[in-house]
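Breakdown of the fold
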Amino acid sequence: MTNLKTPFVRALVLALLLPLSMVVHSQEGTWKLNLKDADIRAFVTQIADITGYSFVVDPRVKGKVTVLSSAPMNKDEIYDLFLAVLQVHGFTAIPGEEVIKIVQQVDAKQSAESLGRFTTIPSEQLITKVIQVNNANALELVPILRPLVAKYGHLAGVAAANALIISDHASNIDRIEDIVSELDSPSKYEVEVIQLEDAWVGDMVRLLQELAPAELGQGANEAANKYSVTADERSNRLILRGDENFRDKMRELIQKLDQPSASGGTTKVIRLKHADSKALAELLKGVMGEVAREQQQGQASSSNPSGGNSGFAIFADEGLNALVVRGEPSLMQEVDAIVDALDVRRAQVLVEAAIVEISDELGKDLGVQFAVGDEGSGSTPIAGTNFGNVGRSLADVIGAIATDELITPASGGLSLGLGERDENGITWGVLIQALSNSTAANLLSTPSIITLDNQESEIVVGQNVPFVTGQTTNTSAGLNNPFTTIERRDVGLTLKVTPSISEDELVKLTVEQTTESIADSIEAASDIVTNKREIKTTVLADNGETIVLGGLIREDYSIQKSKVPLLGDIPYLGALFRSESERTIKRNLLVFLRPTILLSKSDTVAITDEKYQGLWEINLGINRKLDKTIPDNAERPPIEQLFNRNRMQPENMKSERSE
């Protein structure tokens, strides 16, 4: 039994292992592959050993394979043969970055492949590729090419990019690319330029789109559309692009439509958005007048030697802020271009000024006056000192005594008077005055104004003060008829500014700033005296930059002495015979300016909201000073509240009128 079984077992094992032992090395680096009814998983194992690739096999991959090879093949050829065997049995290999998946062909197009491991893509590799179509319509090619694609593959067209997306074996994709290349040849597409003589290109393009909707209409505006008519408005020419039949058709239509206008021109109403119709009309009259004359001269020298009227006219309707223009199409086209360039939203400029004045004044007065008189003598002799530079003078005192009136002491210090009258009528008196005063002021004015670019604006904050300009008295029939003429003039703060914005947001400012105030009364003046400080200048400032326009730093120091000669010079004792007044005045005045460019509506809204917020905070401060109960969560009312009856007063902050 043993002798019989041993050969039989050996033969059986040899028969089972025969399909797995068909790989024969013919020479180094090449293989011959012959398999007959081998298990496909064992086949994948041998390919992994030869190529060095790692495979992941789908559980549904099963079956027997037969491969016959007589020529030696390298590793790449062996792998390409492997892909062909898988394709025949309904499977395919999807390469990834680390492993290769063996799956059914119907599932392959949902998986992404990574081809970086191959120097040359195998011809049987299942890949996805985009084929760009340059001349033909990609969507029209899809039904033609679909039968050439495997059932498990994919083919679709993308209208926006005029391209094809195909998923198939690399060799089949190469075949389809060759077919697309043959079908995608240009059909004698050329470009032709046609000069219009009478019609305007803008109107002509619209007419052609209506007359040829299949080639130029809205339904034909696709990426693959190869027909177009473009208007060159600068030279009044049409640019045609298409095949010979299309260009012949368009050329015939254009020739019929390019005829002189029956009315000799066209009339158009242009509604302006931002520009001023009157000013723009004057500008266009000057510019287009030159253009019309040039065209007229050109026509006179060529086809119309006698010349003629240019037929161009423009009028401004200030009520509607519109322009009424009449002229040839070429002139109308240029008018439209100029209006579009000039009728734009003008920038605005917020100009904020800060006038800062700091003043300090200090005065010191010291004086001694005395008088002696004898009422017993007939002539009433009087002797004494009389100084008028400090407080009350001796004349004021004597005048008060003579009229039996009470004289008030000088303000600002100490006034001490002593005197006596004896029985013999001898009277003496001494008046000592020590005065001191000081004044300090810090004045800040911040006027602001918004104005258009290159537009002068002015803001005045002050009083309207009357000034006497004339006075007379007429005597007639024994009656007096006096009258006085006055003139009212603004006294206060005036800011006049004209901004000009450059391309790099540099602002040129022409500024005239005046500050006037009513001065203290001056005895020598016959009317009201005003102090005036004025700046007129032109400066440059960047957007949002604060600059100083100018200022005045002034310091005055004066000493005034009155004394009795010789006696006033005696040390110590001389103070009884003199009066001294000292004044120190310091003033610092500076004017600052800050321009802010407002290019858009949002910039204007932001500035308005900022100013309104400041007004709201002032309102809250006033209400708190009036001991009003304000909740912590009080919300600021909308800015439209300013135009309502209860301005700046939310419901919980309305002021109650006290009876």
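Residues numbered from 1 in each chain as written. Predicted model: local features only at pLDDT ≥ 70, side-chain atom pairs only at ≥ 80, totals over all residues. Heavy atoms only, no water.

Across five bridges, the pairing between strand E9 (residues 154-158) and strand E10 (residues 163-169) is antiparallel. Looking at the pairing, Gly-157 lines up with Leu-164 of E10. Once E9 ends, the chain turns through four residues before running back antiparallel as E10, passing Asn-162 with a positive phi of about 50°. (Pairing = 2+ DSSP bridges. Helix = DSSP H or I, 4+ residues; strand = E, 2+ residues; numbered from the N terminus.)

All right, on to helix H3 (residues 75-88) then. With 14 residues, H3 extends 20 Å from end C-alpha to end C-alpha; this agrees with the ideal 20 Å at 1.5 Å per step. For H3, every residue scored as buried is listed here: Ile-78, Tyr-79, Phe-82, Leu-83, Val-85 and Leu-86. Considered in projection along H3, the buried side chains sweep an arc of 160° and stay on one side of the axis. Among the structural elements, strand E2 (30-33), helix H2 (40-51), strand E4 (55-57), strand E5 (64-67), strand E6 (91-95) and strand E7 (100-104) are those in contact with the buried residues of H3. Here H3 starts with a cap whose side-chain oxygen sits 3.3 Å from the backbone nitrogen of Asp-76, and that cap is Asn-74. Trailing H3 by a residue or two, Gly-90 shows a phi angle of about 85°, which is positive. (Expected span 1.5 Å × (residues − 1). Buried < 20%, exposed > 50% of the residue type's maximum accessible area, 1.4 Å probe, protein only. Arc of directions from axis to C-beta. Contact = heavy atoms within 4.5 Å. Polar contact = N/O pair within 3.5 Å; in protein donor to acceptor, adjacent residues only side chain to side chain.)

We now examine the pairing of strand E16 (residues 322-327). Examined bridge by bridge, strand E14 (residues 266-271) and E16 share six bridges and lie antiparallel to one another. Across the sheet, residue Arg-271 finds its bridge partner in E16, namely Ala-322. Here strand E15 (residues 313-317) pairs with E16 via five bridges, running antiparallel. Bridge assignment links Asp-317 to a residue of E16, and that residue is Ala-322.

Right, let's get into the confidence of the model for the chain. Model confidence for the chain is summarised by a mean pLDDT of 76, while 78% of its residues fall at 70 or above. Contacts for the low-pLDDT stretch residues 299-309, under 50 throughout, to residues beyond four places or in other chains number seven contacts. (pLDDT = per-residue confidence, 0-100.)

On to the sheet that holds E9. If you trace the three strands from one edge of the open sheet to the other, you get E8-E10-E9, paired in antiparallel fashion. With one partner strand each, in any of the chains shown, strand E8 (126-132) and E9 form the two edges of the open sheet. This sheet shows a mean twist of 15° between the axes of neighbouring strands, independent of strand direction. Across seven bridges, the pairing between E8 and E10 is antiparallel. (Axes fitted to C-alpha atoms, helices over the stretch in contact; angles between N-to-C directions.)

Another point: a negative patch on the surface. There is a patch of like negative charges on the surface, built from Glu-503, Asp-504, Glu-505, Asp-542 and Glu-545. Take Glu-545: it is sitting in the loop between strand E25 (530-542) and strand E26 (547-563). Relative accessible area serves as the criterion here: at 33%, Glu-545 is assigned to the partly exposed category. (Patch = residues over 30% accessible without salt bridge, like charges linked within 9 Å, V, L, I, M, F, W, Y side chains within 5 Å. Areas by Shrake-Rupley, 256 points an atom, 1.4 Å probe, with all protein chains shown as cover. Salt bridge = Lys/Arg side-chain N within 4 Å of Asp/Glu carboxyl O. Lys, Arg positive; Asp, Glu negative; His and termini not counted. Charge placed at Lys NZ, Arg CZ, Asp CG, Glu CD.)

On inspection of all chains with the given rule, the structure shows 12 salt bridges. A salt bridge links Glu-352 to Arg-594; the shortest N-O distance between them is 2.8 Å. Linking Glu-352 in strand E17 (residues 348-374) with Arg-594 in strand E27 (residues 578-598), this pair joins segments that are 242 residues apart in sequence.

The next subject is helix H8 (residues 244-257). In a regular helix each residue adds 1.5 Å, so 14 residues correspond to 20 Å; H8 covers 20 Å between its end C-alpha atoms and thus fits that length. Along H8, the positions that sit buried rather than exposed are Phe-246, Arg-247, Met-250 and Ile-254. Mapping the buried residues of H8 onto a view down its axis gives an arc of 90°, with all of them on the same face. Opposite its buried face, H8 presents the exposed residues Asn-245, Gln-255 and Lys-256, each directed more than 90 degrees away.

Let us now look at the environment of Asp-343. Residue position: Asp-343 is located in the loop between helix H10 (329-342) and E17. Here the alpha-carbon distance between Asp-343 and Asp-276, two residues 67 residues apart in the chain, equals 8.5 Å. Contacts of Asp-343, omitting those with residues within four sequence positions, involve Arg-271, Leu-272, Lys-273, His-274 and Ala-275. Looking at Asp-343, its side chain comes within polar contact range of the main-chain nitrogen of Lys-273, at 2.8 Å. Within the local environment of Asp-343, its side chain forms a polar contact with the backbone nitrogen of His-274, the two atoms lying 2.7 Å apart.

Enumeration according to the criterion identifies six aromatic pairs in this entry. Residues Tyr-53 and Tyr-79 carry aromatic rings whose centres are separated by 5.3 Å and whose planes lie at 90° to one another, so their mutual orientation is edge-to-face. Here Tyr-53 is found in the loop between H2 and E4, whereas its partner Tyr-79 is found in helix H3, with 26 residues between them in sequence. Here Tyr-53 falls in the buried class, since its relative accessible area comes to 14%. Ring centres of Tyr-79 and Phe-82 lie 6.0 Å apart, and the angle between their planes is 40°; this geometry places the pair in the tilted category. Of this pair, Tyr-79 and Phe-82 both sit in helix H3, three residues apart, which is roughly one turn of that helix. Aromatic rings pair up to connect Phe-43, Tyr-53, Phe-55, Tyr-79, Phe-82 and Phe-118 into one cluster. The ring of Tyr-53 carries Arg-117 above its face, with NZ or CZ at 5.4 Å from the centroid. (Phe/Tyr/Trp six-rings, centres within 6.5 Å; stacked < 30°, edge-to-face > 60°. Lys NZ or Arg CZ within 6 Å of the ring centre and 35° of its normal.)

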